[in-house]
Amino acid sequence: PSWVQLSSIFIKIYKEHGFGTKLSDPVTKALIHLIGCLYVDDTDLYVLESWLRSALEVYRTAQQAITLWSSLLSASGGAIKMEKSFWCMIDYSCKNGEWSYAQFKPYPLTIAIDGEEAVIAQRSITDADKTLGVYHCPAGGHAKHLQKMRDSVFEWLGQMKNGRLPPALIWQSYLKQLRKR
């Protein structure tokens, strides 16, 4: 509950500074101001505005946005976890009427941690990373998430066969046996 209260204030400040994106509902045409997606300790922030004309302008605005968000966390005693943090630039180009993802020259997106400048990892749009419990990438595809799920199932099955299933998971196996009867 405390994080919900605190992050609500962060969202309000972030929005008042003009960060986030405005999307139009395709059915109702209602304008929605969306700053990102927050769940427990994971946050995806969005930077997209119609007035940003180039990828470089988006990058500069993203740097301002992440600096503000990082400062808000720091003021509350929190911090961005660098090992879980990354960013991605999504841009498009059109050649001969065919749209494709544009190449973006890597720029360092940074935050201050304990007075030192830290560089946030930049990912390609085809790199699948875990966000909010799901492996996905901006270019689409679910292969990495499905592979992680398969690995988890085979690990569980191996533990079942070897009799080394953690006690917390034994009840799940027992329920499956009961359903078969």
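Anyway, here's the lowdown on the structure attached to this text. (Residues numbered from 1 in each chain as written. Predicted model: local features only at pLDDT ≥ 70, side-chain atom pairs only at ≥ 80, totals over all residues. Heavy atoms only, no water.)

## Things to note about the packing of aromatic side chains
Now for step 1: Within this structure, the stated rule accounts for seven aromatic pairs.
Now for step 2: Relative to Trp69, the ring of Phe10 has its centre 5.8 Å away and its plane inclined at 80°; by these criteria the two rings are edge-to-face. Separated by 59 residues along the polypeptide, Phe10 in helix H1 (residues 2-16) and Trp69 in helix H2 (residues 55-75) bring together distant segments of the chain.
Now for step 3: Note on Trp69: relative accessible area 3%, which makes it buried.
Now for step 4: Aromatic pair Tyr14 and Trp69: ring centres 5.5 Å apart, planes at 85°, arrangement edge-to-face. Pair noted here: Tyr14 is in helix H1 and Trp69 is in helix H2, with a separation of 55 residues, a long-range link.
Now for step 5: Linked through ring pairs, Trp3, Phe10, Tyr14, Phe19 and Trp69 together constitute an aromatic cluster. (Phe/Tyr/Trp six-rings, centres within 6.5 Å; stacked < 30°, edge-to-face > 60°. Helix = DSSP H or I, 4+ residues; strand = E, 2+ residues; numbered from the N terminus. Buried < 20%, exposed > 50% of the residue type's maximum accessible area, 1.4 Å probe, protein only.)

## Brief notes about a nonpolar patch on the surface
Now for step 1: Residues Ile90, Tyr92, Trp99 and Tyr101 make up a contiguous nonpolar surface patch of roughly 470 Å² in combined accessible area.
Now for step 2: On the secondary structure map, Tyr101 appears in strand S8 (residues 98-101). (Patch = residues over 30% accessible without salt bridge, like charges linked within 9 Å, V, L, I, M, F, W, Y side chains within 5 Å. Areas by Shrake-Rupley, 256 points an atom, 1.4 Å probe, with all protein chains shown as cover. Salt bridge = Lys/Arg side-chain N within 4 Å of Asp/Glu carboxyl O.)

## A short note on the nonpolar core
Now for step 1: Tyr14, Trp69, Trp87 and Met89 are the most contacted members of the largest nonpolar core, which has 22 residues in total.
Now for step 2: Those elements that place two or more of their residues in this core are H1, H2, strand S9 (109-113) and strand S10 (116-123).
Now for step 3: Tallying contributions element by element places H2 first for this core, with ten residues. (Core = buried A, V, L, I, M, F, W, Y, C linked by side-chain atoms within 4.5 Å.)

## Here we look at H1
Now for step 1: Over its 15 residues, H1 runs 22 Å from end to end, which matches the ideal 21 Å to within 8%, given 1.5 Å per residue.
Now for step 2: Restricting attention to buried positions, one finds in H1 the residues Ser7, Phe10 and Tyr14. Seen end-on, H1 carries its buried residues on one side only, within an arc spanning 55°. Residues of H1 that are exposed and point over 90 degrees away from its buried face: Val4, Gln5, Lys12 and Glu16.
Now for step 3: Looking one or two places after H1, you find Gly18, whose phi comes out positive at around 85°. (Expected span 1.5 Å × (residues − 1). Arc of directions from axis to C-beta.)

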